[in-house]
Amino acid sequence: ETYGLPAERVNAIVGVRTEVDIRLPPAAVVDARVAQLWSSLPSMVEPKSPTLSLVPGRNAAVTAGVCAAAVGTHECLLHIVGLAPRRLLAAVLLLVSASAPPVQVAHDVVLPAGESVRRVLPFNNVWERCSVRSSNPA
């Protein structure tokens, strides 16, 4: 727990969407029948469904999609809010540990200094995001 909030830890790969289930205790679902999930980082964590049907006195699970844009540890505060009556049912701190996708193929391309050369590199992007790095920033 951090700051009195239960924490959920998620391991993710940058650029790859990961589904995570967040369980609510029965005590949190006392009289609410419908709830929504609100995220402090909507670009990284978004609910699978805009609303969640609840049964009072039973465990409930909220499914959210996590897609990190950068390598490292990210914190996201999730609020599960009941719609009738409108109140906070639960707050969860989501700790996302994002790692870089594995490198499958590397190409060494030798370019002559001071000359313009056209090269074609075969590439199939299965991760939806690509990063190209060069020792020459120009």
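Residues numbered from 1 in each chain as written. Predicted model: local features only at pLDDT ≥ 70, side-chain atom pairs only at ≥ 80, totals over all residues. Heavy atoms only, no water.

Draft legend 1. Molecular detail of the environment of Leu89. Along the chain, Leu89 turns up in strand β8 (residues 86–99). Counting along the chain gives ten residues from Leu89 to His79, while the straight-line C-alpha distance between them is 7.7 Å. (Helix = DSSP H or I, 4+ residues; strand = E, 2+ residues; numbered from the N terminus.)

Draft legend 2. Local environment of the pattern of salt bridges. The full count for this structure, using the stated rule, is two salt bridges. Residues Arg17 and Glu19 are paired through a salt bridge, measuring 3.3 Å at the closest nitrogen-oxygen approach. Classification of Arg17 as partly exposed rests on a relative accessible area of 40%. Residue Glu46 is joined to Arg17 by a salt bridge in which the shortest nitrogen-to-oxygen separation is 3.0 Å. Here Glu46 is found in strand β4 (residues 45–47), whereas its partner Arg17 is found in the loop between β1 (7–13) and β2 (18–24), with 29 residues between them in sequence. (Salt bridge = Lys/Arg side-chain N within 4 Å of Asp/Glu carboxyl O. Buried < 20%, exposed > 50% of the residue type's maximum accessible area, 1.4 Å probe, protein only.)

Draft legend 3. The pairing of strand β3 (residues 34–39), seen in detail. A one-sided burial pattern is seen for β3, the buried positions being Ala35, Leu37 and Ser39 and the unburied ones Val34, Gln36 and Trp38. One ladder, built from two bridges, connects β3 with strand β5 (residues 52–53); its direction is antiparallel. Paired with Ala35 across the two strands is Leu52, which belongs to β5. Summarising the sheet, β3 and strand β7 (residues 72–83) pair through five bridges and their orientation is antiparallel. When the sheet's bridge partners are listed, Ser39 is paired in β7 with Leu78. (Pairing = 2+ DSSP bridges.)

Draft legend 4. A look at the nonpolar core. In this structure, Val45, Leu54, Ile80 and Leu94 are the most contacted members of the largest nonpolar core, which totals 28 residues. Per-element tally for this core: the top contributor is β8, with six residues. In contact with Leu94, other than residues within four places in its own chain, are Glu8, Val10, Val45, Val66, His74, Glu75, Cys76 and Leu78. (Core = buried A, V, L, I, M, F, W, Y, C linked by side-chain atoms within 4.5 Å. Contact = heavy atoms within 4.5 Å.)

Draft legend 5. Seen up close, the confidence of the model for the protein. Confidence along the protein averages 81 in pLDDT terms, with 86% of residues attaining 70 or more. Within the protein, β5 has the poorest average pLDDT of any element, 82, and β1 the best, 91. (pLDDT = per-residue confidence, 0-100.)

Draft legend 6. Just the sheet that holds β5, in detail. Across the sheet, five strands lie side by side as β1-β8-β7-β3-β5; this open sheet has mixed pairing. Here the strands that pair on one side only, and so sit at the sheet edges, are β1 and β5.

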